[in-house]
Structure formats: C-alpha cells, structure tokens
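Coordinates in review
Here are the chains, one letter per residue:
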Amino acid sequence: MDALMAKMDLIAADIEAQELDHTDTFVWLANQGLPANVILTLEPIWKTTKTLGGRVISLGKIILFKIIEFIQHHPAASIGIAFGGAIGALVSMIPFIGPMLAPVAAAIGMIGLGAIGATIDYGEESPFKAMILLAKDFFATIADILNTLRSELFEV
C-alpha cells in the first residue's frame, strides 16, 4: 500500500468515526461495565487529532471506533473481561493484602471470565480454543488500528 492509499484509508476511517457522539460513546462504554477511571483515561485519546491536507483527522475517535467494533463483535467476552476487572477492584479493597492480590485476582478473573464469554461468542466447547480465537481477533483489531494510522505514525 502506498502513501496515498494509506492516507485515503485514514480519511475513510475518520468519516466512519465521525458517527460517534462523545456523550453517547462514553455512556455506552460505562454501560458495558468499563470502570470510570478507564473511561476518564480515554478522554484525552478521544480529543487527539491531526491535520492532513487541510482536514482535521480524529485519530482518537478512530481508535475508539475500532475498540467499540471489537466489543460489539465479542459482547460476552467483553462482559466477562469487565467482570474480571471488577473482581480485581473489589479484591484491592481488602485491608492489608488487597493491593498485593488485586493484580493477580484481576488477571485470573479477566482471563477466566473472558474465556467463558468467548466460548459463548464463538459457540466453542473449549474455552482455550475460544480464547485463542478471541486473541487472534484482538490482535487483528490492533493491526487494523495500526495499519489505518500508519501513514501518520510512521513515514510511509
């Protein structure tokens, strides 16, 4: 793909991302179980823009658009992962040992509940196979984001 095609893909992705409304997007993310501190972290990403040929491209909206597409294609796994994160947050509130156990509890909860959700999303009997499929889709989404933004991230 040459530089011109990469820039055209970026503009096409920007047009798609313009469908997102700020309030609706962040309310939807909250309703999906995303913790408030994560949502607040996404705010600066939302506002990230770049001027390309006299047009303002919303790089942050493009990234969030791709993430939302991934969540919509994997609803059960996303809910499982969110619940796993919530388990980690609850464990962190245990006096003295909570802060030490929270990362482990969150990781185990996110992997375990994400695997259960992925088996529902993919209709697989094996949670391990479903997690492999989920990981492939996740990394394909990351590759899609990077390929879309590559003309702005790297010299093409």
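Structure report, in brief. (Residues numbered from 1 in each chain as written. Predicted model: local features only at pLDDT ≥ 70, side-chain atom pairs only at ≥ 80, totals over all residues. Heavy atoms only, no water.)

Its place among the elements puts Val91 in helix H5 (residues 75-91). Overall, the relative accessible area of 17% leaves Val91 in the buried class. Taking C-alpha positions, Val91 is 22 Å from Asn31, a pair spaced 60 residues apart along the chain. What Val91 contacts, discounting residues up to four positions off in sequence, is Gly98, Leu101, Ala102 and Ala105. (Helix = DSSP H or I, 4+ residues; strand = E, 2+ residues; numbered from the N terminus. Buried < 20%, exposed > 50% of the residue type's maximum accessible area, 1.4 Å probe, protein only. Contact = heavy atoms within 4.5 Å.)

Moving on: unusual backbone geometry. The phi dihedral of Phe96 is positive, around 70 degrees, even though this residue is not glycine. Along the chain, Phe96 falls in the loop between H5 and helix H6 (98-122).

This brings us to the packing of H5 against H6. One way to put it is that H5 packs onto H6 with a least axis distance of 7 Å and a crossing angle of 165 degrees. Relative to H6, H5 is oriented roughly antiparallel. Pair H5 / H6 crosses with right-handed handedness. Looking at the contact of H5 with H6, its residues break down into 15 nonpolar, eight polar and one charged. (Axes fitted to C-alpha atoms, helices over the stretch in contact; angles between N-to-C directions. Parallel < 35°, antiparallel > 145°, perpendicular 65-115°, else oblique. Left-handed = near helix turned anticlockwise from the far one by under 90°. Nonpolar A, V, L, I, M, F, W, Y, C, P; charged D, E, K, R; others polar.)

Attention shifts here to the side chain of Ser58. Within the fold, Ser58 resides in the loop between strand E2 (55-57) and helix H4 (59-73). Here Gln18 takes part through its side chain, which lies 3.1 Å from a polar atom of the side chain of Ser58. Each residue touching Ser58, except ones within four places of it in the same chain, is listed here: Asp14, Gln18, Thr48 and Thr49. (Polar contact = N/O pair within 3.5 Å; in protein donor to acceptor, adjacent residues only side chain to side chain.)

In this section: helix H3 (residues 36-46). Helical geometry: 3.6 residues make up each α-helical turn, so side chains three or four residues apart lie on a common side. For H3, every residue scored as buried is listed here: Ile39, Leu42 and Trp46. For H3, the arc enclosing every buried residue in end-on projection is 55 degrees, short of the 170-degree limit, so these residues lie on one face. In H3, the exposed positions angled more than 90 degrees off the buried face are occupied by Asn37, Leu40, Thr41 and Pro44. In this structure, the buried side of H3 is in contact with helix H2 (22-31) and H4. (Arc of directions from axis to C-beta.)

The biggest cluster of nonpolar side chains holds 19 residues, and the ones touching the most others in it are Leu10, Phe26, Leu29, Ile57, Ile62 and Leu149. For this core, the secondary structure elements donating two or more residues are helix H1 (3-17), H2, H3, H4 and helix H7 (127-153). Counting residues per element, this core draws most heavily on H4, which supplies six residues. Every residue in contact with Phe26, bar those within four places of it in the chain, is listed here: Ile39, Leu42, Glu43, Trp46 and Leu64. One finds Phe70, Ala118, Ala130 and Leu134 within the second-largest nonpolar core, a separate group that totals five residues. (Core = buried A, V, L, I, M, F, W, Y, C linked by side-chain atoms within 4.5 Å.)

So, on to the pattern of salt bridges. The full count for this structure, using the stated rule, is three salt bridges. Note that Lys47 is salt-bridged to Glu43, the shortest N-O span being 3.7 Å. The exposure class of Lys47 is exposed, given its relative accessible area of 56%. On the basis of relative accessible area, Glu43 is assigned to the partly exposed category, the value being 22%. Glu124 is the partner of Lys129 in a salt bridge, and the nearest nitrogen-oxygen pair spans 3.9 Å. Relative accessible area serves as the criterion here: at 46%, Lys129 is assigned to the partly exposed category. Take Glu124: its relative accessible area is 26%, and that puts it in the partly exposed class. (Salt bridge = Lys/Arg side-chain N within 4 Å of Asp/Glu carboxyl O.)

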